[in-house]
Amino acid sequence: MSDDNKFIEKDTSATNTTDEQNRQQRHKLRQQKLQQQVQQGIAKATAEKGLLLVITGNGKGKSTSGFGTVARAVGHGLTAAVVQFIKGSWDCGERNLLEQHQVEFAVMATGFTWDTQDKAADIAAAEKVWQRAEQMLADPAIDLVLLDELTYMVSYHYIELERIVRALQNRPAAQHVVITGRSCHRTLIEMADTVSEVQVVKHAFDAGIKAQRGLDW
């Protein structure tokens, strides 16, 4: 190798080192700015209250998310209760687990409306389970209530929206509530502190794959 080539190689190496140092410095400055923004947000978030969470949308995972929140609460020693609308009497993995940790379940147990084909019976079942939900929402000993698939009770006109709003507004100040289901009524969305929408990208069922134990139920 000629002396000239040696100088070129040394110059290139030095340039690469400088470029990498500059990239590292820019990255550090960006992360420091981000850290400052996060810390400022945390410092401002000082209020504590019972939250109303809504998980809606057409995608899969709304109930799964709700049950994950229940599991998290129970893991921290909080008291939780679950009300399941629409669901049938089939086996439920979340219920099997959470009932072992003193989580009370109230289940409508009629299944989907296209299964029962009896609106009067569905309304009666919804009313019965909603009465238990009202008791839970009035109990200060319950830290978290999951109202799974409640949105259908409003869109099907099985439970009056005003009753639901009243129960949510009058619940204990520290009690958290999670509502799941498609097409959540705008009134409940406006009331909520946090709203998440789950959208469909792909679903295995559309490819002819059946719901599977431990993953789907």
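The structure displayed is predicted, hence computed values, not measured ones. (Residues numbered from 1 in each chain as written. Predicted model: local features only at pLDDT ≥ 70, side-chain atom pairs only at ≥ 80, totals over all residues. Heavy atoms only, no water.)

**Student:** Help me understand the overall build of the chain, please; the structure alone is not making it clear to me.
**Tutor:** Scanning the chain from terminus to terminus reveals 8 helices and 6 strands. Taken from N to C terminus, the helices and strands of the chain fall in the order α-β-α-β-α-β-α-α-β-α-α-β-α-β. Partitioning the contacts of the chain with sequence separation of at least 6, the portion at a separation of at least 24 is 73%. (Helix = DSSP H or I, 4+ residues; strand = E, 2+ residues; numbered from the N terminus. Contact = heavy atoms within 4.5 Å.)

**Student:** Whenever I open this one, the pairing of strand S2 (residues 80–84) confuses me. Can you help?
**Tutor:** Within a regular strand, side chains alternate between the sheet's two faces. Burial of S2 is extensive: 5 of the 5 residues sit out of reach of the surface. With burial as the criterion, each face of S2 is covered, one bearing Ala 80, Val 82 and Gln 84 and the other bearing Ala 81 and Val 83. Sheet analysis places S2 next to strand S4 (residues 144–148), joined by 5 bridges and oriented parallel. Note on S4: the bridge partner recorded for Val 83 is Leu 147. Both S2 and strand S3 (residues 104–107) contribute to a ladder of 4 bridges, which runs parallel. If you follow Gln 84 over to S3, its bridge partner there is Val 107. (Buried < 20%, exposed > 50% of the residue type's maximum accessible area, 1.4 Å probe, protein only. Pairing = 2+ DSSP bridges.)

**Student:** Sorry, what's going on with the pairing of S4 here?
**Tutor:** For S4, the tally of buried residues reaches 5 of 5 residues, placing the bulk of the element in the interior. Neither face of S4 is open: one carries Leu 144, Leu 146 and Asp 148, the other Val 145 and Leu 147, and all of them are buried. Looking at chain direction, S4 and strand S5 (residues 176–180) are connected through 4 bridges and run parallel. Along S5, the bridge assignment pairs Leu 146 with Val 178.

**Student:** Teacher, can you tell me more about the packing of aromatic side chains here?
**Tutor:** In this description, an aromatic ring pair is defined by two values, namely the gap between the centres and the angle between the planes. This model, assessed by the stated rule, comprises 3 aromatic pairs. Through a chain of ring-to-ring contacts, three or more aromatic side chains come together here, namely Tyr 152, Tyr 156 and Tyr 158. (Phe/Tyr/Trp six-rings, centres within 6.5 Å; stacked < 30°, edge-to-face > 60°.)

**Student:** When you look at the sheet that holds S3 in this model, what are you seeing that I'm missing?
**Tutor:** Pairing between the strands of a sheet is mediated by backbone hydrogen bonds and can be parallel or antiparallel. The strand order across the open sheet formed by 6 strands is S3-S2-S4-S5-S1-S6, and the pairing between neighbours is parallel. In this open sheet, the two strands that pair with only one neighbour each are S3 and strand S6 (194–197). The average angle at which neighbouring strand axes cross in this sheet is 10 degrees, direction not considered. Along the sheet face, helix H2 (residues 62–75) touches strand S1 (52–56), S2, S3, S4 and S5 and points at about 165 degrees away from the line of S4. Across the sheet, helix H5 (residues 119–137) touches S2, S3, S4 and S5, and the angle it forms with S3 is around 150 degrees. (Axes fitted to C-alpha atoms, helices over the stretch in contact; angles between N-to-C directions.)

**Student:** Which parts of the structure should I look at to understand the pattern of salt bridges?
**Tutor:** In a structure, side chains of opposite charge can pair up when their charged atoms sit close to one another. A full pass over the atoms with the stated rule returns 6 salt bridges. In this structure, Lys 49 engages Asp 193 in a salt bridge whose closest nitrogen and oxygen atoms are separated by 3.1 Å. Here Lys 49 is found in the loop between helix H1 (3–44) and S1, whereas its partner Asp 193 is found in the loop between helix H8 (186–191) and S6, with 144 residues between them in sequence. With a relative accessible area of 46%, Lys 49 lands in the partly exposed category. (Salt bridge = Lys/Arg side-chain N within 4 Å of Asp/Glu carboxyl O.)

**Student:** What is the right way to read the nonpolar core from this model?
**Tutor:** Most often, soluble globular proteins keep nonpolar side chains buried together rather than apart. Membership of the largest hydrophobic core comes to 34 residues, with the highest contact counts inside it found for Phe 85, Trp 130, Leu 147, Met 153, Ile 179 and Leu 188. For this core, the elements supplying multiple residues, two or more each, are S1, S2, H5, S4, helix H6 (150–155), helix H7 (161–169) and S5. Looking at this core element by element, the count peaks at 7 residues for H5. Apart from the residues within four sequence positions on either side, Leu 188 is in contact with Leu 52, Val 54, Val 154, Leu 161, Ile 164, Val 165, Leu 168 and Ile 179. In this structure, Leu 98, Val 103, Phe 105 and Val 178 belong to the second largest nonpolar core, which totals 13 residues. (Core = buried A, V, L, I, M, F, W, Y, C linked by side-chain atoms within 4.5 Å.)

**Student:** Help me understand the side chain of Arg 163 in this model?
**Tutor:** For Arg 163, the position within the fold is in helix H7. For Arg 163, a relative accessible area of 18% gives the class buried. Here the side chain of Arg 163 touches Glu 127 through a polar contact of 2.7 Å, side chain to side chain. Once residues within four sequence positions are removed from consideration, Arg 163 is found in contact with Glu 127, Trp 130 and Glu 134. (Polar contact = N/O pair within 3.5 Å; in protein donor to acceptor, adjacent residues only side chain to side chain.)

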